[in-house]
Amino acid sequence: MRILVTGGSGYIGSHTTLQLIAAGHEVVIADNFSRSKLSVLGRLESLSGASIKHHVIDLTDQEATDRLFAQGAFEAVIHFAGLKAVGESVAMPLEYYSNNLGLTLSVLTAMRTHGVKKLVFSSSATVYGEHAQVPMQEPFPTSANNPYGWTKVMQEQMLRDVGVADPSMRIALLRYFNPVGAHKSGMIGEDPQGVPNNLMPLLAQIAVGRREFLSVYGKDYPTPDGTARRDYLHVEDLAAGHVAALNRLGETQEPVSTWNLGTGTPTSVLEMVSAFAAASGREIPTVDAPRRPGDIADSFADPAKAQAELGWVAARTIDDMCADTWRWQSQNPDGFPEA
Ligand code: WQD
């Protein structure tokens, strides 16, 4: 199929683009490149052996988006584009709501105008909110405790409402747990601009010498070692989940389906620190720090639905995730080149 991948130059979008091409699809990337570098495209083309058409575009611009769809002949959309830094969203709620909701309204409107029925949406385990039981299951209620999380909750609601209004739509809501790792080649990986918020890029930057130490946010959680636990999954497994969801949209009778993409296994901060030290062979100095507001003790998936309905299982281990992250970061100490 001819697939529009919005945000396709980003961390998860780039890894998914490679797997879509490997599965025989034709990919067109639309991105404003506000949080990524154009140099990703050349790496994707050399890794995939395919030429990848891309558009530098602000998808909140409805007219530009409509023109893109008018000439695109897209058969499906995988929608990654959006801002995703929790802390930043607390400081800049208006930018988060207007950008993330605006993008999705604009893409959905263009899909309706041009009769595109298949959409895979990049959602997040963050929609389970602060008080969810673990393991998290898809029927659980959704909520958030920061504007970024609310934009995911609201976008899911928009998509469910579209599925009611037009039952011929086929929409997959994919709730990612904690994506980490990198393509085996080490040529692409996570390259956060500025100070990373997430644990794994911080560990990688400490190991490669760009940062001094890790502040461990809280050692008084009700977990075996006192640090918070998350369901880290390899970005290559996550990308494979998108290909599986897209295939499933061709078979399901449901307008909207929701799937957790996680391993089902929790790993603590300290366990990840020692796994990364082992994978990189580098010391990871840590400093104890207070809990980060909004963080929860435990977040991990019940992955049974995706396994049963998509035939999808996250296969790669924590050691794979650390080894692949380290290969990317040690080969690209400063991330992607500018152009
Ligand atoms: C993981 C663990 C921290 C940094 C967030 C978003 C979620 C998704 C993934 C977009 C936590 C601890 C971290 C540090 C630390 N993003 N930590 N010191 O918070 O589970 O999820 O990113 O979709 O929406 O909420 O991931 O990587 O930020 O933190 O101790 O310097 O590492 O407290 O327990 P999180 P994270």
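The structure we're discussing is the one just above.
Below: a short report on this structure. Everything numeric here is computed off the predicted structure, so don't read it as measured data.

**Some remarks on the overall build of the protein chain**
Logical step 1: Broken down by element type, the protein chain carries 11 helices and 14 strands.
Logical step 2: Compactness check: the protein chain gives a C-alpha radius of gyration of 19 Å against a globular reference of 20 Å for 339 residues, within 12% of the reference.
Logical step 3: Taking all 339 residues of the protein chain together, 55% fall into the buried category.
Logical step 4: Taking the contacts inside the protein chain whose residues are at least 6 apart along the sequence as the reference set, 80% of them involve residues at least 24 apart.
Logical step 5: On the protein chain, roughly 14,000 Å² of surface is accessible, and the fraction owed to carbon and sulfur atoms is 52%.
Logical step 6: Across the protein chain, the mean location of the 27 positive side-chain charges is 2 Å away from that of the 37 negative side-chain charges.

**Thoughts on the packing of helix H3 (residues 62–72) against helix H5 (residues 93–113)**
Logical step 1: Their axes nearest at 9 Å, the elements H3 and H5 cross at an angle of 40°. Put simply, H3 runs oblique to H5. For the crossing formed where H3 meets H5, the hand is right-handed. Counting all contacts with H3, which are made through Gln-62, Thr-65, Asp-66 and Phe-69, the residues of H5 involved are Leu-105, Ser-106, Val-107, Thr-109, Ala-110, Met-111 and Thr-113.
Logical step 2: Its residues assigned to classes, the contact of H3 with H5 comprises five nonpolar, five polar and one charged.

**Considerations on the sheet that holds strand S1 (residues 2–6)**
Logical step 1: The sheet built from seven strands is open, its strands ordered S3-S2-S1-S4-S5-S6-S11 with parallel pairing. Looking at the sheet topology across the chains shown, the edges are occupied by strand S3 (53–56) and strand S11 (256–261). Strand after strand, the sheet turns through a mean of 20° between neighbouring axes, direction not considered.
Logical step 2: Where strand S4 (residues 76–79) lies against strand S5 (residues 118–124), four bridges are found, and the strand directions are parallel. Note on S5: the bridge partner recorded for Ile-78 is Val-120.

**Things to note about unusual backbone geometry**
Logical step 1: Going from Val-134 to Pro-135, the amide bond is cis rather than trans, its omega being -5°.
Logical step 2: Structurally, Pro-135 is set in the loop between S5 and helix H6 (147–165).
Logical step 3: Although it is not a glycine, Phe-33 adopts a positive phi angle of roughly 55°.
Logical step 4: Structurally, Phe-33 is set in the loop between strand S2 (26–31) and helix H2 (39–48).
Logical step 5: One non-glycine residue with positive phi stands out, namely Ala-73, at about 50°.
Logical step 6: Looking at the element boundaries, Ala-73 is found in the loop between H3 and S4.
Logical step 7: Classification of Ala-73 by relative accessible area gives exposed; the value is 55%.

**Observations regarding the side chain of Asp-298**
Logical step 1: Tracing the backbone through its elements, the reader meets Asp-298 in strand S14 (residues 298–299).
Logical step 2: A distance of 2.7 Å separates a polar atom in the side chain of Asp-298 from a polar atom in the side chain of Arg-229.
Logical step 3: When residues no more than four places from it in sequence are discounted, the contact partners of Asp-298 are Val-134, Met-136, Thr-223, Arg-229 and Arg-230.

**A look at the packing of aromatic side chains**
Logical step 1: This model, assessed by the stated rule, comprises five aromatic pairs.
Logical step 2: Ring geometry for Phe-69 and Phe-74: centres 5.3 Å apart, planes at 85°, overall edge-to-face.
Logical step 3: Take Phe-69: its relative accessible area is 3%, and that puts it in the buried class.
Logical step 4: Measuring from centroid to centroid gives 6.2 Å for Phe-276 and Trp-326, while their planes differ by 90°, and the two rings are edge-to-face. In this pair, Phe-276 sits in helix H9 (residues 269–280) while Trp-326 sits in helix H11 (residues 318–331), placing the two residues 50 residues apart along the sequence.

**Quick word on H2**
Logical step 1: Taken residue by residue, H2 has Ser-39, Val-40, Leu-41, Arg-43 and Leu-44 as its buried positions.
Logical step 2: The secondary structure elements touched by the buried residues of H2 are helix H1 (11–22), S2, S3 and H11.
Logical step 3: Phi for Gly-49, located one or two positions after H2, is positive at around 75°.

About the thresholds
Residues numbered from 1 in each chain as written. Predicted model: local features only at pLDDT ≥ 70, side-chain atom pairs only at ≥ 80, totals over all residues. Heavy atoms only, no water. Helix = DSSP H or I, 4+ residues; strand = E, 2+ residues; numbered from the N terminus. Rg over C-alpha atoms; globule rule 2.2 N^0.38 Å. Buried < 20%, exposed > 50% of the residue type's maximum accessible area, 1.4 Å probe, protein only. Contact = heavy atoms within 4.5 Å. Areas by Shrake-Rupley, 256 points an atom, 1.4 Å probe, with all protein chains shown as cover. Lys, Arg positive; Asp, Glu negative; His and termini not counted. Charge placed at Lys NZ, Arg CZ, Asp CG, Glu CD. Axes fitted to C-alpha atoms, helices over the stretch in contact; angles between N-to-C directions. Parallel < 35°, antiparallel > 145°, perpendicular 65-115°, else oblique. Left-handed = near helix turned anticlockwise from the far one by under 90°. Nonpolar A, V, L, I, M, F, W, Y, C, P; charged D, E, K, R; others polar. Pairing = 2+ DSSP bridges. Polar contact = N/O pair within 3.5 Å; in protein donor to acceptor, adjacent residues only side chain to side chain. Phe/Tyr/Trp six-rings, centres within 6.5 Å; stacked < 30°, edge-to-face > 60°.

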